[in-house]
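Here is what each chain is made of, one letter per residue.
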Amino acid sequence: MSPQPFVQRASWIWSAEGTHAVPPAGQASPSHYQVRYFRRTFVVADPAGAALTVHLSADSRYVFYCNGTCLGRGPAKGDVNHHFYDTYDMTPHLRRGPNVLAAIVLDMSRVAHRPAFLGPPCSVMTYAGGFVLEGAVTDQSGAVLVDLQTDAQWRVAVDHGHRFQNENTTFEGYLGYFEHRLSAFVPAGWNSADFDDSSWSAALVLYKAELLENRRDPASPYGLMPRMIPLLEEGAPAPFPDAYAAGGGAISPAWRQLLAGSAPLTLPPGEKVDLVLDMGALTTAFPHLAASGGAGSTVRLTYAEALRLPWGTPGAKLLGKQQSLANLASHFADESTGWTFDRRGKVTGWCDIWEPAGHAETFEPLHWRAFRYVGLQITVGREPLTLRAVQQRFTAYPYHPVASFASSDPALDKIWSVGLHTMRMCSHETFEDCPYYEQMQYAGDTMITSKLALFTTGDARLSRQALYHFDWSRLPAGLTQSRFPSRLVQVIPAWSIHWITNIRDYFLCTGDRATVADLQPGVRAVLDWYRRHTGADGLPAKLPFWNITDWCPWWPRGVVPGADAGATCIHSAQYINALDEAAWLTRHLGRTAEADTLAAEAAALRRTAHALFWSETEGLYFDRPGGPEVSQYGNAWAIVAGLAGERERAIIMRRFPNDAKLAPGSFFWWHTGFAALAKCGRSDELTRHLGPWHESVGYGLSTFVEENSYWRSLCHAWSAHPVLEFQQRILGITPTEPGFARIAIVPHCCGLTHARGSVCTPRGLIEVAWRVADDRFTLEASAPAGTPVDVMLPDGSRHVFPGGGINLTIPLK
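Residues numbered from 1 in each chain as written. Predicted model: local features only at pLDDT ≥ 70, side-chain atom pairs only at ≥ 80, totals over all residues. Heavy atoms only, no water.

A. Fine view of the overall build of the chain. The helix and strand tally for the chain stands at 13 helices and 38 strands. A compact globule built from 813 residues should have a C-alpha radius of gyration of about 28 Å, and the chain, at 28 Å, falls within 12% of that. With the C-alpha coordinates of the chain rotated into their principal frame, the extents come out at 80 × 65 × 55 Å. Evaluated residue by residue, the chain yields a buried proportion of 61% over its 813 residues. When the accessible surface of the chain is split by element, carbon and sulfur atoms take 53% of a total near 28,600 Å². (Helix = DSSP H or I, 4+ residues; strand = E, 2+ residues; numbered from the N terminus. Rg over C-alpha atoms; globule rule 2.2 N^0.38 Å. Buried < 20%, exposed > 50% of the residue type's maximum accessible area, 1.4 Å probe, protein only. Areas by Shrake-Rupley, 256 points an atom, 1.4 Å probe, with all protein chains shown as cover.)

Structural data, given as structure tokens:
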């Protein structure tokens, strides 16, 4: 066997029509996707002396089984030239006698992505249907007993049971079609070893599989590379915590017994059920239904983050306020109703439909769903339907948060827990802006979620993959795409700037010099693109593409005034900051001359931008030359990028951030806003500006929303950043050298009497606890041994420690 997989061995396979022909009538899946079953049987004489490791991939998605047991699903999201394969140790699953490897594969390549009409998932990039596997059963000496690579010995069958639909779609169906499964057309037991596949066809061999690194004059469209992240966590079936009849009524004792898992429930022919299953918090999971009988029945599962009620419903608490949807992404919202957790509300959203076959079976959709509520509607057919389980199985990226935070204010502790949950719900095969509506990885959201994950879990794998995803997305002109992987090209220039920040944060948190060096050509390409799109003064001007910077309700589609006509303060400051960050990265990679040039370029443009946008009359920076518009976000960026000197910062703080004339931002802008306050020495004001997050918690949300109109996504990655602020400002922990090789601890009281918590680093956990009592401030901290720590206390005193334990007490004046 080759030491590497996919070196002139296994071939991609499919059914008889291959990649270029249209399947004959009756030999195609009767729906949007083409779905195929694959099987390979083999015999193992002695499992104790046998071993098997397989490497496999598919286009577009697979679910993989051995002897009827589901082992995983994939491949992880990449692009066609960077197509991931997965590796499974099959040895524990081998048994004496007949064995089978089996997979169901969805080919999404034959359907175009259309946001308004769903289509395939925008984040799944595809070329043509195919399945590939390499592996062999070996004995203890490594000799091959059975070669299992995909070839004509594999059997294939066309699926007729999986249909796909877009019922209830209103707009932006980026996450793809939902299912309509007719189980009578699914071969019972098709993935078990004793299934008779003699009527199935031999698989058609397409082309040799090859690794990305070995591509020369490729016949295969795919450059295969090993998966960069672990398989997603998939939990065991668990109950729904609560359920009630649609409209809010109680369910019967028999239903309660079923949902608790204590007794099955048989529904008679013609029975109709309309229930709401309530998780009590947003989750990402596979609904799991086990049933028998019920031929001719229909089960509908409708998923929602919250419920809909008309505005003015007596006694109901609705999220936000009634308003025009003219500048909002509304989707399942409308102007006459609002989101609520009131049980009288209606479940609206996308749905899966299942028609049971009549025998004992389990239904789970092939892809996970995001929901707090599931509307369960059942119409029983001509035979009784016996339900044995109505449950769900949690799934997400396998993050295990280690860092902690607790303070004298329980409301902050709640923000911490909700922020962490938001991060987990937006982390699967990629970081996601939102799990319900798009499941797309955006650079702006990822900048926040990645750092949050690094600080709280220490797991850098999803962060590293995201950096490469955006590097692979770069257009020939230089910019990254704003979201990737993505079938539809979308470019937001500012999101390429956020990618550079993400690289800097990753380097600070991991010290992974090799990855950062590998990404440097992309950083240079982004900056070069900006240089080619500047005015005579060197500042970015009239940038093409979508120039959203934040969902400011005063700005059409989030675009700052003046962006289409010339330079703006936000874009100029972001570019200047990117030059500074690139200089820092370059200097730490040993390219001093290049770093000096970048820093000098930033310094010169900083002076130019200050002169162009500063208003002495307003005591603020205009959004565009001469104004009159001013904004929270524009002035935050002017401070962070250094346009504002000490004098200007003091003047700005007279009106910033809450002056009524400042155009307001969404949750996203505050990530920069808190950094601006810190640069002005105002971190102690942090807790005064958490009103939007307290409001979300007060509404009963378990995750933080996209923006504070509450009209679309109720779980959005970019809104979780107060978790970082608590670690960086209240605890005061930040890395000052790559890989936390040097650490700063600068705690801020923020009106609290005590706080304690930690941050994950490659060197170990950093823990900080401080307390204010009897007019004294006491700090206790611990850092990995041999790690220099620079401490600055609230009185301005500075202390240096070589790591280990730290104990300091000062009087408070």
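Structure's up, so let's keep going.
B. Fine view of the state of the cysteines. Here the structure, examined in full by the defined rule, presents 0 disulfides. Unpaired in terms of disulfides, C749 finds its nearest cysteine sulfur in C750, a separation of 7.5 Å. (Disulfide = S-S within 2.5 Å.)

C. Highlighting the sheet that holds strand β28 (residues 405-407). Spatially, the 5 strands line up as an open sheet ordered β28-β33-β34-β35-β38, and their pairing is antiparallel. In the strand order of this sheet, the two ends are held by β28 and β38 (804-811), each with one partner. Neighbour to neighbour, the strand axes of the sheet diverge by 10 degrees on average, direction disregarded. Where strand β33 (residues 754-759) lies against strand β34 (residues 766-773), 6 bridges are found, and the strand directions are antiparallel. Bridge pairing links V759 to I766 in β34. Those strands touched by helix α13 (residues 722-730) are β28, β33 and β34, and its axis lies near 110 degrees from that of β33. (Pairing = 2+ DSSP bridges. Axes fitted to C-alpha atoms, helices over the stretch in contact; angles between N-to-C directions. Contact = heavy atoms within 4.5 Å.)

D. Expanded view of the packing of aromatic side chains. In total, this model carries 45 aromatic pairs according to the counting rule given. Centre to centre, the rings of Y37 and W200 are 6.2 Å apart; their planes meet at 35 degrees, and the pair counts as tilted. Remark: W200 occurs in the loop between β12 (178-182) and β13 (201-202) and Y37 occurs in strand β2 (residues 34-44); sequence separation between them is 163 residues. A relative accessible area of 8% places W200 in the buried class. Both rings, one in F178 and one in W350, keep their centres 5.7 Å apart while their planes meet at 15 degrees; by these two values the pair is stacked. Taken together, the positions of F178 in strand β12 and W350 in the loop between β23 (337-340) and β24 (351-355) put the pair 172 residues apart, joining distant regions of the chain. (Phe/Tyr/Trp six-rings, centres within 6.5 Å; stacked < 30°, edge-to-face > 60°.)

E. Up close: the nonpolar core. Formed by 215 residues in total, the largest nonpolar core has its most connected members in W255, L376, I378 and I730. Per-element accounting of this core gives the leading share, 10 residues, to helix α7 (residues 569-588). For W255, the residues in contact, after removing those within four places along its chain, are L265, L267, V273, L275, L376, I378, L387 and V390. Of all hydrophobic cores here, the second largest spans 28 residues; its members include A50, C66, M90 and A203. (Core = buried A, V, L, I, M, F, W, Y, C linked by side-chain atoms within 4.5 Å.)

F. Structural view of unusual backbone geometry. In the segment running from D59 into S60, the intervening peptide bond is cis, with an omega of 25 degrees. By the secondary structure assignment, S60 is in the loop between β3 (53-59) and β4 (61-66). Here the residue pair G74 and P75 is connected by a cis peptide bond, since its omega of -5 degrees sits within 30 degrees of zero. Looking at where P75 falls in the secondary structure, it is placed in the loop between β5 (69-74) and β6 (83-89). Within the chain, F6 stands out as a residue other than glycine whose phi angle is a positive 60 degrees. As for its placement among the helices and strands, F6 is situated in the segment before β1 (7-14). Located in the positive-phi region is D775, a residue other than glycine, with phi close to 60 degrees. Mapping D775 onto the fold places it in the loop between β34 and β35 (776-783).

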